Amino acid sequence: MTATPGEPSPVRGRIADAAALQVRDVCKVYPSPDGGEVLVLDRMSLSVRPGEMVSLLGPNGCGKSTLLRMIAGLDQPTSGDLRLGNQPITAPSAERGLMFQDPNLFPWLTVRRNIQAGLVARGVLREHRHEAEEFLRLVGLEAFADVYPHQLSGGMAQRAALARALVNRPAVLLLDEPLGALDQFTRMRMQDEVVRLWQTRGTTMVLVTHDIDEAIYMSDRIALMTPRPGRIDRLIDITMPRPRQRTSPQFLELRTAILEMLNFAGGAKDGSA
Amino acid sequence: MAGKTHTTDAATQNRESHPVTLSAGQLATASNDTGYVDCGRPLVAVVAPMVAAVAACLIHVFIPNGQNLEPTWMDPISVWQQPYPIVLQGLFLVSLFLALLHWQCLPARPWVRYYAPLLAGAMFLFGVDDLLSQKLAWLPWPFFPGPGMVLGCSIEDCGIIFSSTWHSLLLLVSGYVVGVCMGVLTGVLIGWFPSIRYWGMPLLKVIGPLPATAMVPAVMMLSNDSFIPATALIGFAVWFPVTMLTSSGMSNVRLSYLDVARTLGAGEWYLIFRVAIPSALPTIFIGLFMGLGVSFLTLIGAEAVGVPGGLGNYIKAQQSSMEYTKMYGAWLVTAVLFSGLITCLFRTRDWVLNWQKGVIKW
């Protein structure tokens, strides 16, 4: 069930070394407010296979979001190496989509124009206009196409953000706690939605979350992370068939196992990892 | 239960609305679902303008003049046919029409109820002004002429006032447009590019606050034709606030918008024109509003100090020749003109920023 970081786990019917995304020995150091330095990520390694959904699960401050920003190309690692396919990641690009906890829809654009934003930015709106319409339909927002973001509910805004992130058909979609701000019911519905889109599109997804149920429900693999400095504690393969049952014994068993790994099973006074 | 309480309230309101009094304190304001503020007593609201028009007219016609007026072109005309009473009679007809509209046309009711008290208030002020100045002479002639004298004497000069207004408007608009274009351009450059910010900001801080009117004498020496230097002067005055607010808006773009745009494949051009500028627009419009205020100041100041022609010049000239009636007339025209321009700006803003919620009302 576990594997050492960086070492590809056995794969079901896929070629193990054709990693879509390679993170190798990445360290990230930030200056701390008192003038010193904080090691946020310590020689972190991870490889994600094409079409895989990997969750980064861990408490706040373990560098999950930092890692995601580096994969997106928005931050540079202090040392180490990030690659998509054979290309080193140096700058943001349309092939690595990013979605935040805050939908960050452009408030001055309607839902339709928000979803079209990626096409406009790449200068291909004329040829690919129909794709924006397709994603508008896929996330069920046709009726709200000409509405401005402040008129949307949290769940609708997040669906629009998902469509916007997918419209460029990125090779990798990075999700930074995308459902964290939603209520429990909306969140579970959105999890289904994301899984459905992932299955139909085959996009590789990296999901940052601190919701254990969400990680088990959605991902092929969970990377458990330790806080300060962040590194991958263990990788958990989830072989449960889809669609998954949140109430199945397997699910609950896995949940218990992860809680125990994180020392949150309860009853224990000892907090050491 | 709730329904019963409601009807009782309505009945009480109706009963209270019967005694028609013009006391302002009784015009309690309350909001209704039409979006117009309703003053609560429909009968008062609808009758008030007619009462105010009649009262103002009677004050002007029947109370003898207390001020020792100079002769004017109006003296041979019967007092009923002088401009001010004619205007009041016209306003009475308008009030009557509004009352009929309120009675007959249901959709116009909230609108009438909203505007009728304002109309009444305006005429009430005219009447009070008339009493204090021309009629009771508590305010001395010629410094405080009544509305009758202001209107009558200004009509005499209406050709000059009109051409002055046109002159001022042309100068103002051209100066404002130049200032806004330059301001937005430099604001975007300073706000977006750190190297330009480094050199531009200190320059802006030193020369920006310099009052444009202080440069009138120097600017007037540059050219015989006054239009271009005056345009430049107003443009400079407008440029400073517009640049400041634009650059502030540009440099305060939410970073996550830029991050999202970058991961969508956006280049520098998209980031500036499709993310930073739209998100800075609310701040830019504050700059445009401040710039408009400064442009009024500079225009009137410059015209009064040296630039020939225009309303500022006219006001200065009338003041020098003790023609205070015409000076007040020009004031009124200036106020209406400037208020109209601000309204235009706010309409434009509402149209451009229709995506925003909760904006300042004008």
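**Student:** Would you explain the pairing of strand β8 (residues 204-209) of chain A in this entry?
**Tutor:** In the case of a regular strand, side chains alternate between the two sheet surfaces. Residue and element names in this part refer to chain A. Most of β8 is tucked away: six of the six residues are buried. Side-chain alternation along β8 places Thr-204, Val-206 and Val-208 on one buried face and Met-205, Leu-207 and Thr-209 on a second face that is also buried. Two elements, strand β3 (residues 53-57) and β8, share five bridges in a ladder whose sense is parallel. Counted as the bridge partner of Ser-55 is Leu-207 from β8. Judged from the five bridges that link them, strand β7 (residues 172-176) and β8 form a sheet pairing that is parallel. The residue of β8 that forms the bridge with Asp-176 is Val-208. Between β7 and its parallel partner β8, the chain crosses via helix α5 (residues 184-201), and the hand of that crossover is right-handed.

**Student:** Explain unusual backbone geometry here, please?
**Tutor:** One can expect most non-glycine residues to show negative phi and most peptide bonds to be in trans. Here the residue pair Arg-242 of chain A and Pro-243 of chain A is connected by a cis peptide bond, since its omega of -5° sits within 30 degrees of zero. Mapping Pro-243 of chain A onto the fold places it in the loop between β10 (231-237) and α7 (249-261). Here the bond from Trp-141 of chain B into Pro-142 of chain B is cis, since omega is 0°, no more than 30 degrees from zero. With respect to the helices and strands, the residue Pro-142 of chain B is situated in the loop between α4 (109-135) and α5 (147-156). One non-glycine residue, Arg-169 of chain A, lies in the positive phi region at around 50°.

**Student:** Help me understand the interface of chain B and chain A, please; the structure alone is not making it clear to me.
**Tutor:** A common way to express how large an interface is: the accessible area buried when the components associate. Between chain B and chain A, the residue contacts involve 20 residues of the former and 26 residues of the latter. Between chain B and chain A, a total of about 2000 Å² is buried, with carbon and sulfur atoms accounting for 66% of that surface. The largest share of the area that chain B buries against chain A comes from Thr-263, Leu-264 and Trp-355 of chain B, three residues that together contribute 36% of it. If you look at where chain B meets chain A, you find two salt bridges. One salt bridge connects Asp-102 of chain A with Arg-254 of chain B, and the closest N-O pair in it is separated by 3.4 Å. For the pair chain B and chain A, the interface holds seven residue pairs in polar contact (both at pLDDT 80 or more). Residue assignment for the side of chain B that touches chain A shows that the elements contributing at least two residues are α10 (255-263) and α11 (268-305) of chain B. Among the elements that take part in the side of chain B that touches chain A, α10 of chain B stands out by supplying seven residues, more than any other.

Parameters and conventions
- Residues numbered from 1 in each chain as written.
- Chains lettered and ligands numbered in written order.
- Predicted model: local features only at pLDDT ≥ 70, side-chain atom pairs only at ≥ 80, totals over all residues.
- Heavy atoms only, no water.
- Buried < 20%, exposed > 50% of the residue type's maximum accessible area, 1.4 Å probe, protein only.
- Helix = DSSP H or I, 4+ residues; strand = E, 2+ residues; numbered from the N terminus.
- Pairing = 2+ DSSP bridges.
- Right-handed = clockwise from strand over helix to strand, strands pointing away.
- Contact = heavy atoms within 4.5 Å.
- Buried area = accessible area lost by both parts, 1.4 Å probe.
- Salt bridge = Lys/Arg side-chain N within 4 Å of Asp/Glu carboxyl O.
- Polar contact = N/O pair within 3.5 Å; in protein donor to acceptor, adjacent residues only side chain to side chain.

Geometric values such as these leave the question of function open.
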